[in-house]
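Observations on chain architecture
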Protein chains: 2
Amino acid sequence: MQQDNPDITLITQTAPVAATTHGGRAKCLQRLVRLNLPVPKTVALSFDAVHRIAGGEMPDMQVLLEPFGPAPLLCVRPSSEDPDWGGPGAVLNVGINDARYLKLSQTLGLRAAASIYLRFVQSFAIHVARLDPDMFEDVALDGPEGLAEVLRVYEDETEEPFPQDPAVQLAEVLRSMARAWEGTTARLLRQAKGAPADAGLGLVVQEMALGLGQGQGECGSGVIQLVDSKTGLPQITGRYLSQSQGRDALEGDASLFLERDPRGPSLQELEPEGFDQLIAHTRLMRQRLREEMQAEFTIENGQVHVLDGVRVARNARAAVRIAVSLAEDGIISRDDALMRIEPRSMNELLHRQIDPDAPRDRLARGIAASPGAASGRIVFSAAEAQASAARGEPCILVRRETSPEDIRGMHAAVAVLTERGGMTSHAAVIGRGMGLPCVVGASSLSFQPRRKTLMVPDGREFRAGDIITVDGTNGEVLAGEPAMLEAAQGDAFQTLMGWADEVRDIGVRANADTPADAQTARNFNAQGIGLCRTEHMFFEADRLTVMREMIFADDGDDRRAALDRLLPMQRADFIELFRIMQGQPVCIRLFDPPLHEFLPSDRAGHRELAEALDLPLSDVTRRVEALSEYNPMLGMRGVRLGITMPEIYDMQARAIFEATIEASKDGAPVVPEIMIPLVSAKREVELVKTRIDAAAAAVRNETGRDFTFRLGVMVETPRAALRAAEIAQHSSFLSFGTNDLTQMTYGLSRDDAGRFMSTYVQQGVFPEDPFHQLDIEGVGELLQIGAERGREARPDLVLSICGEHGGNPESIAFCRAAGFNYVSCSPFRVPVARLAAAQFAVLDKMNGKST
Amino acid sequence: MQQDNPDITLITQTAPVAATTHGGRAKCLQRLVRLNLPVPKTVALSFDAVHRIAGGEMPDMQVLLEPFGPAPLLCVRPSSEDPDWGGPGAVLNVGINDARYLKLSQTLGLRAAASIYLRFVQSFAIHVARLDPDMFEDVALDGPEGLAEVLRVYEDETEEPFPQDPAVQLAEVLRSMARAWEGTTARLLRQAKGAPADAGLGLVVQEMALGLGQGQGECGSGVIQLVDSKTGLPQITGRYLSQSQGRDALEGDASLFLERDPRGPSLQELEPEGFDQLIAHTRLMRQRLREEMQAEFTIENGQVHVLDGVRVARNARAAVRIAVSLAEDGIISRDDALMRIEPRSMNELLHRQIDPDAPRDRLARGIAASPGAASGRIVFSAAEAQASAARGEPCILVRRETSPEDIRGMHAAVAVLTERGGMTSHAAVIGRGMGLPCVVGASSLSFQPRRKTLMVPDGREFRAGDIITVDGTNGEVLAGEPAMLEAAQGDAFQTLMGWADEVRDIGVRANADTPADAQTARNFNAQGIGLCRTEHMFFEADRLTVMREMIFADDGDDRRAALDRLLPMQRADFIELFRIMQGQPVCIRLFDPPLHEFLPSDRAGHRELAEALDLPLSDVTRRVEALSEYNPMLGMRGVRLGITMPEIYDMQARAIFEATIEASKDGAPVVPEIMIPLVSAKREVELVKTRIDAAAAAVRNETGRDFTFRLGVMVETPRAALRAAEIAQHSSFLSFGTNDLTQMTYGLSRDDAGRFMSTYVQQGVFPEDPFHQLDIEGVGELLQIGAERGREARPDLVLSICGEHGGNPESIAFCRAAGFNYVSCSPFRVPVARLAAAQFAVLDKMNGKST
């Protein structure tokens, strides 16, 4: 072995080994060597060397074998740059042949020696000689007889004797592993995990420590880690199996546990000294590798060998606990702890659960495919789900089974229920990915999507619009809306979030329309409400009637009379919100939707309304027709309504100001923010501002109390972004409503895009659905233009984003770079946003950027 | 009179008089003096002087009166900067009093002298003393008795004797005229005509030439001009009245004509020498004032006096003839001729008429309120009119009477018919302003807008959607669509347009969907078709059925089978268009509208369709429901349809290419332009381009003939404008569709904006309806961005605009400045666009800009 040839390197404390040239496993093994852990002798082959092997250019086998002395037994493992990218399976016991078998039989016993030889022949037959694995199905894979049978099959099929030269064996194994890496399937699989097209594979060749033998002390193999993978809490965990090799201990029930266990002798009992050594080794790895590690080990005649160390597998909850512990123990910095958590994985920690004390009206059981529980109205198609979400009504998407066309519907739903499918069905996989409660395979329910009904075994029939609850944690479907418990986030979560808030340099608020939303926002430490939509407040039965009277009013006076009756209700809404938010800012968007949303759309509804308002039916239908629109998204809504029927905003402004005074009496002073929707021209802001100022003056006058408020604009039209300089003259803040802005920038209705969005994303027309990931190039440029022009006109202008995109890490990075003050997102995305924002700040610190 | 006081200036050839300081009349009079015309002595008072008079600061009357010698008789007239801004009426015979009356009685006779005195007393009483004009209603305004009576009324009412001092009289007249100008009503009226808030008034004080007298030769007054005001053709025209003053000759039937006339003696007969002199004077004015002038004159004892000259009043047709004649006579340059015509006034020259030989099925007679004739479907509301226009269906707006809320509906309609109203009703005034054929007061028709019917006296009932014709030229309403004759534009029009084309430096094309449109475009010398919408081609009955089969196809193959049947029809459409356009470019927009526009919307229609397609009704209703959209404007249309159902564009491309080959066989080679609608991402263009190129290759292959074509993009979404650089990489042209671009930039549906647009424009929220006048600030910036980025990426990129705005002079100025290659507008706006474009080029030449 030449010192100047880094392609083939004996791993020593100083050998030139790096993850980028030899792979993560080679690098990790070197770290273990540096820690003086008992690592068997190991040689690393670089990416370049392996690439050449795949091309047929074999290294000198004698050079490679030299460090291992004569007649070695070796194992070969993959070492890709990122362990997640996968690679070919390890091959054990390379080097064994008839002669060595006979020798081992004398020291280890015939059975153990046969087992070692047999394992290698089988691996070689399948991976190198490419024999069909089925050939070995009927062979008794045990003992000398099994070995003889496997060798017979090998020689029959290949018409060659099994190779006896260890150099030949090793060369063939290396070649087969190198080629497997370059195959198309393997490449596509790892690219799907984010590997670059030219990702390299390193290989490590390691001297075997045999876990088999007799009479000279305990022999066996296993894995050990110091924390629980499900919780991240300290707990010595792992598997051990006497007389085993490789990862045998992880398969089947035969393996023994590490610590005392009623089911049989444990490693601790069999080899207490080795057990203690292993714990010490793993502790040292944690300390010095600055990560919670799992050690793979072999005990050979009572001697501990550490074959490998890998990052402890973990779910999101455990990941948070582990990162926080490492930082609390001073092993990593808090910044490091923050960087170790994928923000989107926080969703897993945040699920609501059905209150265990709540009565459960169970309709069916299915497979618990994605945890958490949610209640909503039944919808039978993705389009209906999107429409429902657009109306702000939570819905449960009910499908025979889901397909990629349903993804947008799933995004729009609060839970998914399918008749067919299992844990790996589309709905289950996607549901888990999205953190969406999901029950699949609820086959006792009879789905009739065309008739839009769901038949329950007990004879009940549920229709579109009926409310059910999906409990994805235990796989149940319930009628109605049982009480829920918010997800409990533990200490580690709270600690991590606290650290995130310390380093974070962009605000995070929540979009919250209801007291429940506001409470969730508080629980997640949102820094206020960035978007409170007021329209839902008028859909409650008693208010809806008054709303309709308002709509049917003949003039401003009649309209005002109806609005006067809505005022106290609206004031009460705001008082409650202000109290929950305890003095934190609440940004209230003035009334936005078109009025026809408040009118019934069918004949029966019209008749009822005519009765309720004591009007001829023809008057009602005529008004409904007059208010109907070709393109409601682009119609008479938002500030257009505010200007043509100014009484609505007058009432809302008064309600906000009166609530401000009321809520400030018994708590922190409230400074409400009032946001004007759908602005496209400066004059709209001027006109509304004049009336809002007048309402404020009137309330101050009547009550003799003072208060302050801020008025701003929701930037949802491209024109508002372009004209931000003049709009900012009358606004103390601009908040970009990226939902509508995306619709208008693309000329694309979110409600109607479902029919072709999947085709579009599949064909790469849009790299991503722009409603789910902010379109930086187009919509983003308008945000940039709006921000720059607004700030230039008014340097203290507060800038924010309040669309669905607000919680996405990509959007947060964009908004931070553009100098935004805060992002606002749905309450459950607040933790994701807080963490993502913190990570960008840490990254900037690392890159030496001032923030 | 001091030479160094320009506030009060005797008008001489060299006196410092300018229109900007003394007004247009003063300046014109000076020009007449310079021509040595017999102008009575005149003093001009500057704007400043008059402004001071209004404030009570009177000039020295003796100085003012000095040039006129002792005992003058004077007239005072207004002289505003622009004659169109109006001003107080002239006051004649200032200076007359009892003594002068007696003296005049001796020279002119008692009756004439009394008439002169009486005229002044009455003017003074009404305008200076502010007596009620009704007071003089019962007075016999004639002879010495009338005079005595008028003086008595004056003295009774004012309780003062009539002032006898000419200086006092003049001072009072000047004061009253100065104050009248500064009154609120006068100011608002002139501001409505475009005058600035601080527009000044000058006054001219002129020695009277008396048109009254006896025995010493012909006396009288009148006006003369050398062209006909209706046609602009040479014809001596005017009125003359013996024994009259001021503009008496223009009132009543008593006036005599200038030339020989069977109705009585003419000026030519009474005073042939004076008549010839007047013609010579007026010719000289035309020659030297470089304008067709009307002279106001008085003949005093056979002596001709020219009191004033004003621009000949004229309609648009005459204006063109006059400007062209002046240029052809070498009096003004061709550029000047072009600048003298208001482009929008060209509309008046362009009206279609009903063919006189066509049979007429007359339904009613009304008032011919706005000339021209048009046929279309009946609609009963402005909203329906807009919807109809949006569908590309010409419609006649039928209303009881119109109000400002209907203006957008009138813009959308091809003609207007009202039950009520006269020549000055809203519909008539607005209709004429827009050049929209209009019949008002058709009261024999029974309008029932609620039932959406129109009852004809003969018992026939017409419903919404039925086709009628409005003949605004003779006030008739006809059933059906009689044959039309295109408006005949005379030689002068053609000459002027030719001059415009010589100087114009931006192209003008027409939007033309049908052969008729294309023919009109040719007639108006459009330089090709800038936008040919193809969708209308599928609405004809036989095609519609095939379209519906296509829509109901289950897969691409079935769709292709239906499209194969549409192909020959589509090909024939294009062959016809190409032949009409004779090798000029034709830009064809690929299929754009959502498919649901081709499906019936009511139950009966569904049943018929189910029958026609031999499908269960439920299949039909389900498909109709599936295709319905929340916001069709932002839905599945344009390139989105082209990508998800590529067979449609495949068929269209093939039809275009096959037609190209066919039409090139017997005429100029055709180079079609293919335009992709509703693009928002580069990849959309790439995908369509690939298939269009493939279709071209296939057609070339099959036919063995070569052809070229250009592929480009219609920029209708803000995103397409922002991403123009990358879109231009695959486009040889970008054409901005400002209709949709305006909708998306504002987030405002044209179909739905009607409900609040009038409020918005009234309150100044939008300075203009952005669908009628390009929003330079917002939409314009996107055009600018798109143009700059596109050209930077591809310097030879052809840029154009093809929305409704294309024909507006303001848009043309914008597009010229932004370096666009052409504008495209509806065929009837082509002449307006050609002239407006020429004017901007002339203006740049004048300002020394290179073009």
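Residues numbered from 1 in each chain as written. Chains lettered and ligands numbered in written order. Predicted model: local features only at pLDDT ≥ 70, side-chain atom pairs only at ≥ 80, totals over all residues. Heavy atoms only, no water.

**Here we look at the domain arrangement of chain A**
The line we're drawing: Domain segmentation is taken from an automatic or database assignment of domains.
Under the domain assignment, chain A is made up of domain 1 (8–207), domain 2 (220–314), domain 3 (352–485) and domain 4 (516–594 + 629–675 + 684–712). Computed from C-alpha coordinates alone, the two centres of domain 1 of chain A and domain 3 of chain A are separated by 48 Å.

**What to know about the pattern of salt bridges**
When the charged atoms of two side chains with opposite charge come close together, those side chains can pair. Counted only if it meets this: Any Lys or Arg side-chain nitrogen located within 4 Å of an Asp or Glu carboxyl oxygen qualifies as a salt bridge. We count a stretch as a helix when DSSP gives it H or I for four or more residues in a row; a strand needs E for two or more, and each element gets its number in order from the N terminus. Residue burial is assigned from relative accessible area. The probe radius is 1.4 Å, only protein chains are included, and a residue is buried under 20% of its type maximum, exposed over 50%, and partly exposed in between.
Counted by the stated rule, this structure contains 128 salt bridges over all chains. A salt bridge links A:Asp554 to A:Arg623, with the shortest nitrogen-to-oxygen separation between them at 3.9 Å. Of this pair, A:Asp554 sits in the loop between α19 (541–551) and α20 (556–581) while A:Arg623 sits in helix α22 (residues 617–627), placing them 69 residues apart in sequence. Here A:Asp554 falls in the exposed class, since its relative accessible area comes to 66%. In this structure A:Arg623 comes out as partly exposed when scored by relative accessible area, which is 25%. Between B:Arg25 and B:Asp308 there is a salt bridge; the shortest N-O distance is 2.6 Å. In this pair, B:Arg25 sits in helix α2 (residues 24–34) while B:Asp308 sits in strand β9 (residues 303–311), placing the two residues 283 residues apart along the sequence. Looking at B:Asp308, the relative accessible area reads 1%, which means it is buried. In the salt-bridge network here, residues are joined through shared partners; they are A:Arg360, A:Arg362, A:Arg365, A:Asp471 and A:Glu476.

**A closer look at unusual backbone geometry**
Residues and elements named next belong to chain B. Notably, Asn525 is not glycine yet its phi reads approximately 60°, a positive angle. With respect to the secondary-structure elements, Asn525 resides in the loop between α18 (515–523) and β24 (529–533). Of note, the phi angle at Gln582 is positive, near 50°, even though the residue is not glycine. Along the chain, the position of Gln582 falls in the loop between α20 (556–581) and β25 (586–589). In this structure Gln582 comes out as exposed when scored by relative accessible area, which is 52%.

**Section: the interface of chain A and chain B**
The test is simple: Contacts: residue pairs with any heavy atoms within 4.5 Å of one another. When two components associate, each loses some accessible surface as probed by a 1.4 Å sphere; the sum of these losses over both components is called the buried area. We call two N or O atoms a polar contact when they sit within 3.5 Å, provided that within protein one can donate a hydrogen and the other can accept it, with sequence-adjacent residues counted only if both atoms are side-chain atoms. Asp, Glu, Lys and Arg are counted as charged, while Ala, Val, Leu, Ile, Met, Phe, Trp, Tyr, Cys and Pro are counted as nonpolar; the rest, among them Gly, fall into the polar class.
With 52 residues of chain A in contact, the opposing surface of chain B contributes 51 residues. Taken together, both faces of the contact between chain A and chain B bury some 4,700 Å²; the carbon and sulfur share is 53%. When the area that chain A buries against chain B is broken down by residue, the three leading residues are A:Tyr630, A:Leu634 and A:Arg755, summing to 14%. Along the contact surface separating chain A from chain B lie eight salt bridges. Ionic pairing is found between B:Glu777 and A:Arg719, a salt bridge with its closest N-O pair at 3.6 Å. Applying the counting rule to chain A against chain B returns 28 residue pairs in polar contact (both at pLDDT 80 or more). When contributions to the side of chain A that touches chain B are tallied by element, the ones reaching two or more residues are α22, α23 (639–644), α25 (682–703), α26 (718–722), α28 (738–746), α29 (754–762) and α30 (779–793) of chain A. Partitioning the side of chain A that touches chain B into residue classes produces 22 nonpolar, 14 polar and 16 charged.

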